[in-house]
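Structural characterization, general
Chain residues, written in single-letter form:
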Amino acid sequence: MKTYFKNFSDFFSHVKMPGFATMMLSVIFLFLIGIGIWGFLRIRNIQKGNLIITEYGLLNNEKEKKPLIKLIKKDYIIMLVMTLLYAIPAIYNLGGFKIPETPWAPADTNDGFIVDLGREVEVAKVMLYQGYNEEKYDGTKFNIKFFNSNGTYSSSESLEKSGFFSWKVSTKEFKTSKIQIIADKPGAAINELAVFEKDSNKPFKVKSITPVYQVTKSTIKSPDGKPYKLSNLLDEQDRVDFYTLSSTNTYFDEVFYPRTALDFIYKVHPFERTHPPLGKYFVMIGMLIFGVNPFGWRIIGTLFGVAMIPLMYLFGYKIFKNRFLAFCTAFLMMFDFMHFVQTRISTIDVYVTFFVILMYYYIYDYFAKKSYKAGFKKSLKPLFLCGLIFGIGIATKWIAMYAAVGIFLILVIAKLDEIVYYMAYKKSGLSSDLFSKFWSKYFFKTALFCVLFFILIPGIIYFGSYTSIMQVPGNGIKEFFNNQSYMYSFHNDLHAKHSYSSQWFEWPIMTKPIWFYGSKALAAEKLTSSIICMGNPLIWWISIPSLITGIIVAVKRKDKYMLVPIFGALFQYIPWMVVRRMAFIYHYFSVVPFLIIIIVYLIKVFMELGGNTKKIVYTYLALTAIIFIMYFPILSGMIVPRWYASMLQLFPGWSFRY
């Protein structure tokens, strides 16, 4: 037994707590100390008689039996109109349905083909559309050579297979009648080839395409089971995109998630393993319904973004009990740049942000009511829904854990507040069935259900989300544990640098927006198509001052209901202050919805001053919408003059076009 305890002790003595975990535990500990002091002072004031809670406040449960919001027809009309007004531009030009689909892949090292142009041509560029293959075939180099006047082939350029469903472009010009393209290793899929003659934006009509040599035996198989044919490289010339627009290409981090969704469909080892799988399932659903194309891999995320509009309206209505303020909450979300851009790119941040909002939406129900007044079963419902959404959120992306910290502290505050009421009840000498089994039912039994709701059920959902990965031949349950270790090591040890990375204090002032996408080919025509990831200046530039002011005003006015959105903002933001890995401005996305609620809270306080405050608020809302409209072209990938994008580059760190 001594040996067992010694080994156990030795194991934990060698465990080093990661810096991030240490910092977050310190933050939680400090908050718990503050909450504990608050609870202690309230209980002491009850005992000393300095804090008196009336019999009505203690025992009246009429408010708790009613829902926090009661919608009428007008609310549904407002939400419907706002949702449709947002959905139309969000879905417009989201992505194309027609992209090159039929693939060819080299069967061996130095396998390739010769393109006979039929005559001597001044070639301006050669384009290859990267297809889908297993990860082990990535990195293949396609060496482009052209037939010269000496009767031999001269090297032009190499294009490396490094993406998924996107155009690779060689822009070195040469004059030739034949082009030879040779792969340095097998397996990398190409869906289409296009050759462009100088001063033309239409694919040159190729005379023929023939293999460099006949491969007699090949071990290369297509993931979807369809044969690789050389003729596939020229069978979809009508789908060639000279300008490589976002409607035909993956861009930025889309290289990871749609591809991984296809891995799940074909049951191969997933390409992207740095986040849990559930977010990629949503991407997969879109492709199963609408096809493997840009619209298909983006639409589900866009619909989640559309759903955020009525969700924010409901959240605002629940908190402020005012239709106009609910409208303001949804309105600011409608016209935030980040919300628009992040919900139109096929990444997983939109899903986890939606679930984080929903977690706080449900915990607000528990926080706003005394559980002993609402009744045991009714009080458990928001906890169950919050825990269920937490499980879905954590299976999408680990940042849902940040929300779990805020939810936990809100729950602690709610229970401490109920203890204060119980102490006041005991001191008052009143008698009521509401407080019968107060400790056994509303504390210990609730705690047991919280273990079920916030640990067991989320754990089952999280484990279940790995089903597709565990079903890959050769993986099994061990891959679940391997992936957890891989994800932890990746995020903990990531020291890479990126030209668009930025630190947490830079995000609110937007010193470095991310240029998600841009078309080089349009620059020659003095046009541009860009997608910029940043926030609406009229929302973001006031976000941190609003957070600080909102905390001060809420404390001064004792507006307890503001604690939930304030904690939502703090605990989606504070962790990024202690994260050591590189981060990007889009990591501020999950903070923004709560900052919007705090801004609307300050609008409420401001309007209570009377006078011309309403006109000022209307002006602020109108300007927010106008700025969104101004920036819309470079948020949505529209083709506009280069001078227009240049005009919107207000600061040196802002780059919006080639």
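Since the structure is predicted, the reported quantities are computational estimates derived from the model, not experimental observations.

**Brief notes about the overall build of the protein**
Looking only at helices and strands, the protein has 23 helices and 10 strands in total. Expressed along its principal axes, the backbone C-alpha trace of the protein runs to roughly 105 × 75 × 40 Å. Across the 658 residues in the protein, those meeting the buried criterion constitute 57%. For the protein, the share of sequence-separated contacts (at least 6 apart) that also reach a separation of at least 24 residues comes to 81%. When the accessible surface of the protein is summed, it comes to about 29,600 Å², and 63% of that surface belongs to carbon and sulfur atoms. Charged side chains of the protein number 71 positive and 42 negative; the gap between the two group centres comes to 11 Å.

**Focus on helix H17 (residues 478–493)**
Think of an α-helix as turning once every 3.6 residues; residues three or four places apart then point the same way. For H17, built from 16 residues, the straight-helix expectation of 22 Å at 1.5 Å per residue is met to within 8% by its first-to-last C-alpha distance of 22 Å. Among all positions of H17, only Glu479, Phe480, Asn483, Gln484, Met487 and His491 are buried. Take H17 and look down its axis: the buried residues cluster within an arc of 145°, on one side only. Where H17 is buried, its residues meet helix H15 (438–464) and helix H16 (467–470).

**Examining the side chain of asparagine 483**
Looking at the element boundaries, asparagine 483 is found in helix H17. Only 3.2 Å separates the side chain of asparagine 483 from the backbone oxygen of arginine 273, close enough to count as a polar contact. Ignoring anything within four residues of it in the chain, the contact list for asparagine 483 reads Arg273 and Tyr466.

**A look at the environment of isoleucine 309**
In this structure, isoleucine 309 sits in helix H8 (residues 294–320). By relative accessible area, which is 1% here, isoleucine 309 ends up buried. When the C-alpha atoms of isoleucine 309 and alanine 87 are compared, they prove to be 9.5 Å apart, with 222 residues separating the residues in sequence. What isoleucine 309 contacts, discounting residues up to four positions off in sequence, is Met82, Thr83, Tyr86, Ala330, Met333, Met334 and His339.

**Regarding the packing of helix H11 (residues 349–368) against helix H14 (residues 400–428)**
Two elements in contact, H11 and H14, have axes whose closest approach is 10 Å; the angle formed by their N-to-C orientations is 5°. When the interaxial angle is binned, H11 and H14 end up roughly parallel. Listed contacts from H14 to Val352, Val356, Met359, Tyr360, Ile363, Tyr366 and Phe367 of H11 are Ala400, Ala403, Ala404, Gly406, Ile407, Ile410, Leu411, Ile413, Ala414, Lys415 and Glu418. Residues belonging to the contact of H11 with H14 are distributed by class as follows: 15 nonpolar, 1 polar and 2 charged.

**Here's the deal with empty space enclosed by the protein**
All told, the structure shown has 3 cavities of 30 Å³ or more when counted by the stated rule. Taken as a whole, the largest cavity spans an internal volume of roughly 50 Å³. Around the largest cavity, the lining residues are Asn93, Leu94, Ser246, Tyr251, Arg298, Arg344, Ile531, Leu635 and Ser636. By residue class, the composition of the lining of the largest cavity is 4 nonpolar, 3 polar and 2 charged.

**Topic: the pattern of salt bridges**
Applying the stated criterion to the full structure yields 20 salt bridges. The salt bridge partner of glutamate 197 is arginine 119, with a shortest N-O separation of 3.3 Å. Taken together, the residues glutamate 197 in strand E6 (residues 190–197) and arginine 119 in strand E1 (residues 112–130) connect sequence positions 78 residues apart. Overall, the relative accessible area of 25% leaves glutamate 197 in the partly exposed class. The salt bridge involving glutamate 173 is made with lysine 198; its shortest N-O contact spans 3.9 Å. Of this pair, glutamate 173 sits in the loop between strand E4 (167–170) and strand E5 (174–183) while lysine 198 sits in the loop between E6 and strand E7 (208–211); the two residues are 25 residues apart in sequence, bridging distant segments of the chain. By relative accessible area, glutamate 173 is classed as exposed at 52%. Given the relative accessible area of 39%, lysine 198 is considered partly exposed.

**Remarks on the domain arrangement of the protein**
Its domain assignment divides the protein into domain 1 (55–94 + 273–648) and domain 2 (111–239). If you average the C-alpha positions of domain 1 and of domain 2, the two centres end up 45 Å apart. Counting the surface lost from both domain 1 and domain 2, the interface buries some 310 Å², and carbon and sulfur atoms represent 60% of this. It is Arg273, Val292 and Trp297 in domain 1 that bury the most area against domain 2; as a group they hold 73% of the surface buried on that side. Joining domain 1 to domain 2, the criterion identifies 1 salt bridge. As a salt-bridge pair, arginine 273 and glutamate 135 come within 3.2 Å of each other at their nearest N and O atoms. In terms of residue class, the side of domain 1 that touches domain 2 is built from 3 nonpolar, no polar and 1 charged.

**Digging into the environment of tyrosine 228**
In this fold, tyrosine 228 is placed in the loop between E7 and helix H6 (257–266). Sequence spacing of tyrosine 228 and proline 103 is 125 residues, and the spatial spacing of their C-alpha atoms is 5.8 Å. Contact partners of tyrosine 228, with chain neighbours within four places excluded, come to Pro103, Trp104, Ala105, Tyr132, Ala189, Ile220, Lys221, Ser222 and Pro223.

**Some remarks on the pairing of strand E2 (residues 141–147)**
With burial as the criterion, only one face of E2 is covered, namely that bearing Phe142, Ile144 and Phe146; the residues Lys141, Asn143, Lys145 and Phe147 on the opposite face remain uncovered. Sheet topology places E2 next to strand E3 (residues 153–160); 7 bridges connect them, and they run antiparallel. For asparagine 143, the partnering residue across the bridge sits in E3 and is serine 158. Between E2 and E3, which pair antiparallel in sequence order, lie 5 residues; one of them, glycine 151, sits at a positive phi of approximately 85°. Bridge count for E2 against E5 is 5 bridges, and the pairing is antiparallel. Each residue of the ladder has a partner; that of lysine 145, found in E5, is glutamine 180.

**Description of helix H21 (residues 592–607)**
The terminal C-alpha atoms of H21 lie 22 Å apart, and with 16 residues this matches the ideal 22 Å at 1.5 Å per residue to within 8%. Of all 16 residues making up H21, 15 are buried, and the element is well covered by its neighbours.

**With respect to the state of the cysteines**
Under the criterion given, the structure shown has 0 disulfides. The closest cysteine sulfur to the non-disulfide-bonded cysteine 386 is located on cysteine 450, 9.3 Å from its own sulfur. Residue classification places cysteine 386 among the buried positions, given a relative accessible area of 0%.

About the criteria used
- Residues numbered from 1 in each chain as written.
- Predicted model: local features only at pLDDT ≥ 70, side-chain atom pairs only at ≥ 80, totals over all residues.
- Heavy atoms only, no water.
- Helix = DSSP H or I, 4+ residues; strand = E, 2+ residues; numbered from the N terminus.
- Buried < 20%, exposed > 50% of the residue type's maximum accessible area, 1.4 Å probe, protein only.
- Contact = heavy atoms within 4.5 Å.
- Areas by Shrake-Rupley, 256 points an atom, 1.4 Å probe, with all protein chains shown as cover.
- Lys, Arg positive; Asp, Glu negative; His and termini not counted.
- Charge placed at Lys NZ, Arg CZ, Asp CG, Glu CD.
- Expected span 1.5 Å × (residues − 1).
- Arc of directions from axis to C-beta.
- Polar contact = N/O pair within 3.5 Å; in protein donor to acceptor, adjacent residues only side chain to side chain.
- Axes fitted to C-alpha atoms, helices over the stretch in contact; angles between N-to-C directions.
- Parallel < 35°, antiparallel > 145°, perpendicular 65-115°, else oblique.
- Nonpolar A, V, L, I, M, F, W, Y, C, P; charged D, E, K, R; others polar.
- 1 Å grid on protein atoms, 1.4 Å probe; cavity = no way out; pocket = protein on both sides within 12 Å on 5 of 7 lines; lining within 4 Å.
- Points joined across faces, edges and corners; volume = space filled by probe spheres on them.
- Salt bridge = Lys/Arg side-chain N within 4 Å of Asp/Glu carboxyl O.
- Domains from an automatic or database assignment.
- Buried area = accessible area lost by both parts, 1.4 Å probe.
- Pairing = 2+ DSSP bridges.
- Disulfide = S-S within 2.5 Å.

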